[in-house]
Amino acid sequence: MRVSKRATSAIALSAAAALVASGCSSGGGDETAASADGSIVVHGVQPENPLVPSNTTETGGGKIIDWMWTGLVEYPNDGGAPRNALAESINTTDSKVFTIKIKAGTKFHDGTEVKAKNFVDAWNWAAYSPNGAQNGTFFADIAGFDQTYTTDPDGADGPKKAPTPTADKLSGLKVIDEQTFEVTLAAPTAVFPTKLGYSAFMPLPDVFFTMKPEEFGKNKPIGNGPVKFVSWEDNSLIKLTRFDDYNLRDKMKVKDVDVKLYQDDNAAYADLLANNLDFMEVVPTSALAGDKWKTDLGDRGRSTVTPSTAFIAFPIYDKRYANPKLRRAVSLAVNRQEISDKIFFGTRKPADSWANPLTPGAKPGNCTACKFDPTTAKQLLAEAGGFSGEMVFYYNADSAHKDWMDAVAQQVKTNLNINARAEGVPTFAVFRQNINAHKMTGPYRAAWQQDYPDVENWVNPLFITNGSSNDGLYSNPEVDALAKQASGAPSLEASHEAFAKAVEKVDQDVPSIPVYFYGQQSGHSEKIKKLELNNVGEIDITSVEL
Amino acid sequence: MGRYLLRRLLQLVPVFIGTTFLIYWLVWAVPGDPFAGKCGERRCPDQYIAFMTEKYHLDQNVFVQYANYMKNLLQGDFGQTFSQREISDIILTSYPNTLKLALVALAIEAIIGLGAGVLSGLRRNGFLDNLVLVSTLFLIALPVFVVGFVLQWLLGVQWGIIKPTVSSEMRWSELIVPGFVLGSASVAYIARVARTSIAENRRADYVRTAIAKGLPMRRVVGVHLLRNSLIPVVTLLGTDLGALMGGAIVTEGIFGINGIGRQVFRAIITKESATVVGIVVVLVLVYLVMNLLVDLLYAALDPRIRYE
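What you see is a predicted model; the values in this text were computed from it and never measured.

Undergrad: What am I meant to see in the overall build of chain B here?
TA: Secondary structure assignment for chain B yields 12 helices and 0 strands. Overall, chain B shows an N-to-C arrangement of helices and strands of α-α-α-α-α-α-α-α-α-α-α-α. Taken along its principal axes, the extent of the C-alpha atoms in chain B is 85 × 55 × 30 Å. Burial statistics for chain B: of 308 residues in total, 39% are counted as buried. A separation of at least 24 residues holds for 76% of the contacts in chain B among residues at least 6 apart in sequence.

Here is the structure:
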């Protein structure tokens, strides 16, 4: 779950967003001389934490981790189903016990070989709660997690402290030989192999366990990916270079990558225009107005879609929003096409499905509540007994949400005659504090970007009872049962079918309303002849040719 | 002189404690839980929050936190940020950059501001004087970020004379435009103050005497007139260094300079009291020392001023 902290950029907002990415593939390469020892400068933001994969949850550091590490599986650039990368094979008969064999002869940047125990040790470290790894809960599927990871009995604010775990190793992990290990899950989970491409599951070299994690992550992070770490000057520059012994896929074609750490997207954009910066993933919001970026960049600009969706969530714990008919009425009163055209100049697409359609297993167009139908909306509102008082739509005012939230409130006001308005909460931190404490008194902005490409990630965290991001406290036993059945299905196909049924139930209840699918506008310099973006819109560093 | 210096230095202690506590308390009072937004649209794991709370004593009240902080600070330990980076590292990497930028701005202020002020003060109501008045009015009226964005766009993007942002090596030549932007408003003030001061002293008795006894004009202006007119200018320049360093946040942002401005801003947003105070502590020291230096300079400029 990575969160983007860029206050000014459009996706920052999504602050939600778990970015999963991987090195990715690229077509074959005729390496030109320019590429072979060329260097590029790409846009970045200062990573919040030292570069340890299981402790990085934001995009600034996440992007670099994705370049520096290659996991067991990887996600293709086209968003398709995951495929094996470092894994030779991942075998299971019951979706509960997985035998994972890794390819022999691949190396970490320090020259040591990547072995099965590098995975087992890294996962054990992250799952041991006193280590305080932010991605620790990603290991919850594995048997023995409840012994290594304890939670605070009265919440983090309470006086009691979490007890020390009784075990420091996951009982479900077993090294078989140098290249093979066995993972036993607590319950069958069809999607488990898909998750393995997320950065939390990366291997760590032996040297990691001999030093402090912050020392490792700050001074000499060692991965096994196509890109190797050189140096890190805080807030200014991270220097990376090609890992010449990389043999899992194509090596990087250029030699050096400088990640210039910007604090202001407009400064980066000026550099991009002057060819002083070779790649900027997301052009600033200011450049989107009136399609300015198209005029500025010409064929250096490119527009793509990313697997993230903007929602408006309902605080279902508030009695006024408990009636599904009311929630459906609000959803039907929102003209998504108009918001997409007038406010985002077509850079965002109106949402018409619950899971982002780019996600494997998602069914496009399955959100019947996403239509614009003010007549039915009025009728449903009447059936729900109307709405008394003021309906306030909340958003965090530290990034660019005011315009579209105002538009939503205005549409609800016009189409339903509800006294609606939008109100900004000063910062994302205050906003999330109220949401986490279940103290919201009106519908609020939310955004979701998948952690790993599977529809499971769009249902379990958001719509099952006690889901990790089910902040509105939506609960429907039927959805829970179907989702549980889907998660434990013996195959991914069966799992996707069952999730589709769960989503149909969600569609009846409208616990939140999908508003738009994110798009991304990127730009590159004249120097770059070829580049691909990966499944979440980050630059695929191995594809760059000069 | 020695006693005066000692007294001034002792005064620094209460000012230092007062400002640091006020700032610590203000950052502490900023609403929002530092870990509420850190993990995106889901709660951070309880263990993570507990780990951080204990590490940074966040469950204590503000006085205990501040006392802890001061105890460490006096031992030279600035503490760590929430991402476990040494704050002293941040100060060491970002302060020199801001200082460099501020010095360039100060030099530009002194050269352009003083030059324009002297020229227009000597030829009052002439063409040059009017030009300086109009152009300084223009500079004062323009907010820093407008000057910054316009110059960056014109010189960097349109004409390609400079690179739009400063590289990580922070070469002096790259800092001229950002320095001008940062100092632009102050250039105007310096020019105006210098002009008034020169124009007034121009009519003073000692200048008339100097001219009457046949001194060459260069000597009259350079030694007698300028030296006596410098006091208000020096005051302005001296206190400006602190203001420039604290106020560089906008300029640093536009030109992508890794200075203290962005660090303070980030730390306030994430409620890292220790980082904010750490950086401001040094800033406060710069202010106090500069003020002291300015006062001492008075004596050098004007023999009538003596410190006991």
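Structure's up, so let's keep going.
Undergrad: Looking at this structure, how should I read the UniProt feature "transmembrane region" (unreviewed entry) in chain B?
TA: All names here are of chain B. UniProt records the feature "transmembrane region" (unreviewed entry) for residues 12-30, 101-119, 131-155, 175-194 and 276-301 in the present numbering. When the span residues 175-194 is considered, its composition is 95% helix and 0% strand, and the gap between its end C-alpha atoms is 25 Å. Secondary structure over residues 276-301 splits into 100% helix and 0% strand, and the C-alpha atoms at its two ends are 37 Å apart.

Undergrad: What is the right way to read the interface of chain B and chain A from this model?
TA: Each side of the interface is counted separately: chain B has 42 residues, and chain A has 49 residues. A per-element tally of the side of chain B that touches chain A places helix α2 (residues 46-55) of chain B first, with 7 residues. Split by residue class, the side of chain B that touches chain A holds 17 nonpolar, 17 polar and 8 charged.

Undergrad: How do you make sense of the UniProt feature "domain: ABC transmembrane type-1" (unreviewed entry) in chain B when you look at a structure like this?
TA: In the numbering used here, UniProt assigns the feature "domain: ABC transmembrane type-1" (unreviewed entry) to residues 95-298 of chain B. For residues 95-298 of chain B, the helix share is 81%, the strand share is 0%, and the end-to-end C-alpha distance is 28 Å.

Undergrad: Which parts of the structure should I look at to understand the environment of B:Leu293?
TA: Mapping B:Leu293 onto the fold places it in helix α12 (residues 273-301). It is 30 Å that separates the C-alpha atoms of B:Leu293 and B:Phe145, two residues lying 148 residues apart in sequence.

Undergrad: Looking at this structure, I do not really get the domain arrangement of chain A. What am I missing?
TA: Interfaces are often described in size by the accessible area the parts lose on coming together. If you check the domain split of chain A, you get domain 1 (10-33 + 44-224) and domain 2 (304-519). Taking the mean C-alpha position of each, domain 1 of chain A and domain 2 of chain A sit 30 Å from one another.

Undergrad: Looking at this structure, I do not really get the sheet that holds strand β4 (residues 87-92) of chain A. What am I missing?
TA: The strands that make up a sheet are held in pairs by hydrogen bonds between backbone atoms, and each pair lies either parallel or antiparallel. All names here are of chain A. Taking strand neighbours across the sheet as the criterion, the 4 strands line up as β4-β5-β7-β6 in an open arrangement whose pairing is antiparallel. The open sheet has two free edges, formed respectively by β4 and β6 (173-177), since each of these has just one partner strand. Within the sheet, the average angular offset between the axes of one strand and its neighbour, ignoring direction, is 20°. As paired strands, β6 and strand β7 (residues 180-184) are joined by 4 bridges and run antiparallel to one another. What sits directly across from lysine 174, in β7, is glutamate 182. Packing against the sheet, helix α3 (residues 116-127) makes contact with β5 (97-102), β6 and β7, and its axis sits at approximately 170° to β6.

Undergrad: Sorry, what's going on with the nonpolar core here?
TA: Side chains of nonpolar character tend, in soluble globular proteins, to be buried together. Counting 197 residues, the largest nonpolar core has A:Phe393, A:Val412, A:Val459 and A:Ala502 as the members making the most contacts within it. Two domains share this core, each providing at least three of its residues, namely domain 1 (10-33 + 44-224) and domain 2 (304-519) of chain A. Beyond its immediate sequence surroundings of up to four residues, A:Ala502 is in contact with A:Val459, A:Val479, A:Leu482, A:Ala483 and A:Ala486. B:Ile23, B:Tyr66, B:Val276 and B:Val277 belong to the second-largest nonpolar core, a separate cluster that totals 18 residues.

Undergrad: Looking at this structure, I do not really get the pairing of strand β9 (residues 237-242) of chain A. What am I missing?
TA: Working note: regular strand, side chains alternate between the two faces of the sheet. Residues and elements named next belong to chain A. Both strand β8 (residues 227-233) and β9 contribute to a ladder of 6 bridges, which runs antiparallel. Bridging from a neighbouring strand, glutamate 233 pairs with leucine 237 of β9. The antiparallel hairpin formed by β8 and β9 contains 3 residues in its connecting segment, where asparagine 235 sits at a positive phi of about 60°. Here 5 bridges tie β9 to strand β10 (residues 256-261), and the two strands are oriented antiparallel to one another. Counterpart to isoleucine 238 in the pairing with β10 is valine 259.

Undergrad: Could you clarify how one ought to interpret the confidence of the model for chain A in this entry?
TA: Reading fine detail from the predicted coordinates is not recommended where pLDDT is low. Residues with a pLDDT of 70 or more make up 92% of chain A, whose mean pLDDT is 87. Note on residues 3-31 of chain A: pLDDT under 50 across the span, and 120 contacts to partners over four residues away in sequence or across chains.

Undergrad: Got a minute to help me understand the environment of A:Val259 in this structure?
TA: All names here are of chain A. Inspection of the secondary structure puts valine 259 in strand β10. On the basis of neighbour counts, which here come to 22 C-beta atoms within 10 Å, the residue valine 259 falls in the buried class. Counting along the chain gives 217 residues from valine 259 to valine 42, while the straight-line C-alpha distance between them is 5.0 Å. Those residues within four positions of valine 259 in sequence are excluded, and the remaining contacts are Val42, Gly44, Ile64, Ile238 and Leu240.

Undergrad: Help me out: how do you make sense of α12(B) in this one?
TA: Owing to its 3.6 residues per turn, the α-helix brings residues three or four apart onto one side. Residue and element names in this part refer to chain B. Counted at 1.5 Å a residue, the expected span for α12 with its 29 residues is 42 Å, and the 41 Å between its end C-alpha atoms agrees. Every buried residue of α12 is accounted for by Ser273, Ala274, Thr275, Val276, Val277, Gly278, Ile279, Val280, Val284 and Tyr287. Buried residues in α12 make contact with α1 (2-29), α3 (62-74), α4 (87-122), α9 (217-246) and α11 (260-269).

Undergrad: It is not clear to me how the confidence of the model for chain B should be interpreted in this structure. Could you clarify?
TA: Across chain B, the average pLDDT comes to 84, with 97% of residues at 70 or higher. The complex model carries a pTM of 0.80, and its ipTM stands at 0.74.

Undergrad: What is the right way to read the packing of α4(B) against α12(B) from this model?
TA: A pair of packed helices can be characterised by two numbers: the angle between their axes and the separation between those axes. Residues and elements named next belong to chain B. One way to put it is that α4 packs onto α12 with a least axis distance of 10 Å and a crossing angle of 45°. With respect to each other, α4 and α12 are oriented oblique. Crossing hand, α4 versus α12: right-handed. Packed against α4, whose contacting residues are Ile87, Ile90, Ile91 and Tyr95, the element α12 presents Ala274, Thr275, Gly278, Ile279 and Val282 at the interface.

Undergrad: Please explain the environment of A:Gly44 as it appears in this structure.
TA: Residues and elements named next belong to chain A. Of note, glycine 44 is situated in strand β1 (residues 39-44). Sequence separation between glycine 44 and valine 259 is 215 residues, and the spatial gap between their C-alpha atoms is 5.6 Å. Once you skip the residues sitting within four places of it in the chain, glycine 44 turns out to touch Gly60, Lys63, Ile238, Val259, Lys260 and Leu261.

Undergrad: Would you mind showing me how to read unusual backbone geometry here?
TA: Generally, phi is negative for residues other than glycine and the peptide bonds are trans, each holding for most cases. Residue and element names in this part refer to chain A. Positive phi, close to 55°, is recorded for serine 95, a residue that is not glycine. Note that serine 95 resides in the loop between β4 and β5. Under the C-beta neighbour-count criterion, serine 95 is labelled buried, with 22 such atoms within 10 Å. Look at asparagine 466: it is not a glycine, yet its phi comes out positive at around 65°. Mapped onto the secondary structure, asparagine 466 falls in the loop between α15 (456-463) and α16 (477-487). By the C-beta count within 10 Å, which is 8 here, asparagine 466 ends up exposed.

Calculation criteria
Residues numbered from 1 in each chain as written. Chains lettered and ligands numbered in written order. Predicted model: local features only at pLDDT ≥ 70, side-chain atom pairs only at ≥ 80, totals over all residues. Helix = DSSP H or I, 4+ residues; strand = E, 2+ residues; numbered from the N terminus. Buried ≥ 20, exposed ≤ 12 C-beta atoms within 10 Å, placed from the backbone. Contact = placed C-beta atoms within 7 Å. UniProt positions renumbered as here; feature names shortened; annotations may be inferred. Nonpolar A, V, L, I, M, F, W, Y, C, P; charged D, E, K, R; others polar. Domains from an automatic or database assignment. Pairing = 2+ DSSP bridges. Axes fitted to C-alpha atoms, helices over the stretch in contact; angles between N-to-C directions. Core = buried A, V, L, I, M, F, W, Y, C linked by C-beta atoms within 7 Å. pLDDT = per-residue confidence, 0-100. Expected span 1.5 Å × (residues − 1). Parallel < 35°, antiparallel > 145°, perpendicular 65-115°, else oblique. Left-handed = near helix turned anticlockwise from the far one by under 90°.

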